[in-house]
Amino acid sequence: MEGITTREREVLALVAEGLSNDEIAERLHIGPGTAKTHVRHLLAKLGARDRVHLVITAYRSGLVAVR
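Residues numbered from 1 in each chain as written. Predicted model: local features only at pLDDT ≥ 70, side-chain atom pairs only at ≥ 80, totals over all residues. Heavy atoms only, no water.

Turning to the packing of helix α1 (residues 6–16) against helix α2 (residues 21–28), a few remarks are in order. At a closest axis distance of 10 Å, the pairing of α1 and α2 adopts a crossing angle of 130°. By the criterion of interaxial angle, the relationship of α1 to α2 is oblique. In the crossing of α1 with α2, the sense of the turn from one axis to the other is right-handed. Here R7, E10, V11, L14 and V15 of α1 lie close against α2, whose contacting residues are I24, R27 and L28. Looking at the contact of α1 with α2, its residues break down into 5 nonpolar, no polar and 3 charged. (Axes fitted to C-alpha atoms, helices over the stretch in contact; angles between N-to-C directions. Helix = DSSP H or I, 4+ residues; strand = E, 2+ residues; numbered from the N terminus. Parallel < 35°, antiparallel > 145°, perpendicular 65-115°, else oblique. Left-handed = near helix turned anticlockwise from the far one by under 90°. Contact = heavy atoms within 4.5 Å. Nonpolar A, V, L, I, M, F, W, Y, C, P; charged D, E, K, R; others polar.)

This is the structure we're talking about:
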């Protein structure tokens, strides 16, 4: 998908692991508000209605690999 930054891909992978915004922030050494902003941007860019739909879309599009 075009327009998704490297940081957003990192956040997306962590969302796919089931991490909360606070956990993502801690893992990436960013503020919780910044993590939330990245998730909000991903939801908009991928046209997802919620975090579950975001993860499904990410796996289907190949942005996140099945482990």
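Further remarks concern helix α4 (residues 51–61). Taken together, the buried positions of α4 are occupied by H53, L54, V55, T57 and A58. The secondary structure elements touched by the buried residues of α4 are α1 and α3 (32–46). Near the N-terminus of α4, the side chain that reaches the backbone nitrogen of V52, with its oxygen 3.2 Å away, is that of D50. Where α4 ends, the next residue or the one after it, G62, has phi of about 85°, a positive value. (Buried < 20%, exposed > 50% of the residue type's maximum accessible area, 1.4 Å probe, protein only. Polar contact = N/O pair within 3.5 Å; in protein donor to acceptor, adjacent residues only side chain to side chain.)

This part covers the nonpolar core. If you look at the biggest cluster of nonpolar residues, it comprises 22 residues, and the most contacted ones within it are V11, L12, V15, I24 and L54. Listed by contribution, the elements that provide at least two residues to this core are α1, α2, α3 and α4. Setting aside residues up to four positions removed in sequence, V15 forms contacts with I24, V39, R51, L54 and V55. (Core = buried A, V, L, I, M, F, W, Y, C linked by side-chain atoms within 4.5 Å.)

Structurally, the position occupied by H38 is in helix α3. Owing to a relative accessible area of 16%, H38 belongs among the buried residues under this scheme. Among all residues touching H38, those that are not within four sequence positions of it are R7, E8, V11 and I30.

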